[in-house]
Amino acid sequence: MIFIALLRGINVGGKNKIDMKLLKQTFEKVGMNDVLTYINTGNIIFSFEDVSKTELSRVLEEAIHTDFRLQIKVVIRSVDDVRGIINAIPDIWKNDKEMSSDVMFLWDEIDDESVLENLVIKPNIDHVIYVPGAILWSIDKQDVTKSGKSKIVGSKIYKQVTVRNVNTARKIYELMQAQNSRN
């Protein structure tokens, strides 16, 4: 099975620095196969069999702590999970000079549509979709300062998500599909 490990808060603002080559070695050391990292923000694609996503998270969090002395939360999604998320992103959503569109991958503990009730969503500004495993959020760049999205920072929910822009999320899925076709 092909998985993505999404690490929260590494290599951001000079904090929690982890070299991707060393991180790849950590994953391989604990038995992950076909390990591929994508950009410095903690996206690691790998294959592994016969274990739950919860167990994979635990093993990888322990390995990262052992090798890097960092307490980093690891969210695991299968290729099928990511397919469902990517298919829910409207085709017109992008991350560029005109639009800001993100995928907020949810911790399992808050992965439920009711999570939307705790967000500040501004009608006609914020375009928000819940899909199992993630919240999709898009704003026209001209409206970013009017958006409720900035209110999530510092909230309880913010501590239970890891965010990737839609361009990155689509690339991750493309890489996962390529890995899946090789296995």
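Look above for the structure.
Residues numbered from 1 in each chain as written. Predicted model: local features only at pLDDT ≥ 70, side-chain atom pairs only at ≥ 80, totals over all residues. Heavy atoms only, no water.

(A) The arrangement of the sheet that holds strand β5 (residues 99-106) in detail. With antiparallel pairing, the four strands of this open sheet are ordered in space as β6-β7-β5-β8. Strands at the two margins of the open sheet, each flanked by one partner only, are β6 (127-131) and β8 (161-165). The mean angle between the axes of side-by-side strands here comes to 20 degrees, regardless of whether they run parallel or antiparallel. Relative to strand β7 (residues 134-140), β6 runs antiparallel, the two sharing five bridges. By the bridge assignment for β7, Val 128 is matched with Trp 137. The strands touched by helix α3 (residues 79-88) are β5, β6 and β7; relative to β6, the strand with the most contacts, the crossing angle is about 155 degrees. Of the strands in this sheet, β5 and β8 touch helix α4 (residues 166-182), which is tilted by about 90 degrees from β8. (Pairing = 2+ DSSP bridges. Helix = DSSP H or I, 4+ residues; strand = E, 2+ residues; numbered from the N terminus. Axes fitted to C-alpha atoms, helices over the stretch in contact; angles between N-to-C directions. Contact = heavy atoms within 4.5 Å.)

(B) A look at the packing of α3 against α4. Two elements in contact, α3 and α4, have axes separated by 10 Å at closest approach and are oriented at 140 degrees. By the angle between their axes, α3 is oblique relative to α4. Of the two elements, α3 crosses α4, and the hand of that crossing is left-handed. Residues Val 79, Val 82, Arg 83 and Ile 86 of α3 form the contact with α4, whose own contacting residues are Ala 169, Arg 170, Tyr 173, Met 176, Gln 177 and Asn 180. Residues that form the contact of α3 with α4 fall into these classes: six nonpolar, two polar and two charged. (Parallel < 35°, antiparallel > 145°, perpendicular 65-115°, else oblique. Left-handed = near helix turned anticlockwise from the far one by under 90°. Nonpolar A, V, L, I, M, F, W, Y, C, P; charged D, E, K, R; others polar.)

(C) Representation of the packing of helix α1 (residues 20-29) against helix α2 (residues 53-68). Packing of α1 against α2 brings their axes to within 10 Å, and their N-to-C directions diverge by 125 degrees. Between α1 and α2, the angle falls in the class oblique. The hand of the α1/α2 crossing is right-handed. Between α1 and α2, the residues in contact are Leu 22, Leu 23, Thr 26, Phe 27 and Lys 29 and Leu 60, Ala 63, Ile 64, Asp 67 and Phe 68, respectively. Tallied by class, the residues present in the contact of α1 with α2 amount to seven nonpolar, one polar and two charged.

(D) Region of interest: the pattern of salt bridges. Following the criterion strictly, the structure yields 11 salt bridges and no others. When the shortest N-O distance is used, the salt bridge between Arg 58 and Glu 55 registers 2.5 Å. Remark: Glu 55 and Arg 58 occur in helix α2; sequence separation between them is three residues, near one turn of the helix. The class for Arg 58 is partly exposed, based on a relative accessible area of 37%. A salt bridge links Asp 143 to Lys 146; its shortest N-O distance comes to 3.4 Å. Exposure remark for Asp 143: the relative accessible area of 12% places this residue in the buried category. Salt bridges linked by common partners bring Glu 55, Arg 58 and Glu 62 together as one network. (Salt bridge = Lys/Arg side-chain N within 4 Å of Asp/Glu carboxyl O. Buried < 20%, exposed > 50% of the residue type's maximum accessible area, 1.4 Å probe, protein only.)

(E) Expanded view of the environment of Lys 171. As for its placement among the helices and strands, Lys 171 is situated in helix α4. Placed 133 residues apart in sequence, Lys 171 and Tyr 38 show a C-alpha to C-alpha distance of 8.8 Å. At 3.1 Å, the side chain of Lys 171 forms a polar contact with the side chain of Glu 174. (Polar contact = N/O pair within 3.5 Å; in protein donor to acceptor, adjacent residues only side chain to side chain.)

(F) Spotlight on the environment of Arg 69. Of note, Arg 69 is situated in the loop between α2 and β4 (74-78). Considering only alpha carbons, one finds Arg 69 and Asn 16, 53 residues apart in sequence, at a separation of 9.4 Å. Separated by 3.4 Å, the side chain of Arg 69 and the backbone oxygen of Thr 66 make a polar contact.

(G) Region of interest: the pairing of strand β3 (residues 43-47). Across the five residues of β3, five count as buried, placing the element largely inside the fold. Of the two faces of β3, the one holding Asn 43, Ile 45 and Ser 47 and the one holding Ile 44 and Phe 46 are both buried throughout. Pairing of strand β1 (residues 2-7) with β3, which is carried by five bridges, proceeds in the antiparallel orientation. Each residue of the ladder has a partner; that of Ile 2, found in β3, is Ser 47. Relative to β3, strand β2 (residues 33-38) is paired through four bridges, and the arrangement is antiparallel. Looking at the pairing, Leu 36 lines up with Ile 45 of β3. Counting the residues that bridge the hairpin from β2 to β3 gives four residues, and of these Ile 39 lies at a positive phi of roughly 50 degrees.

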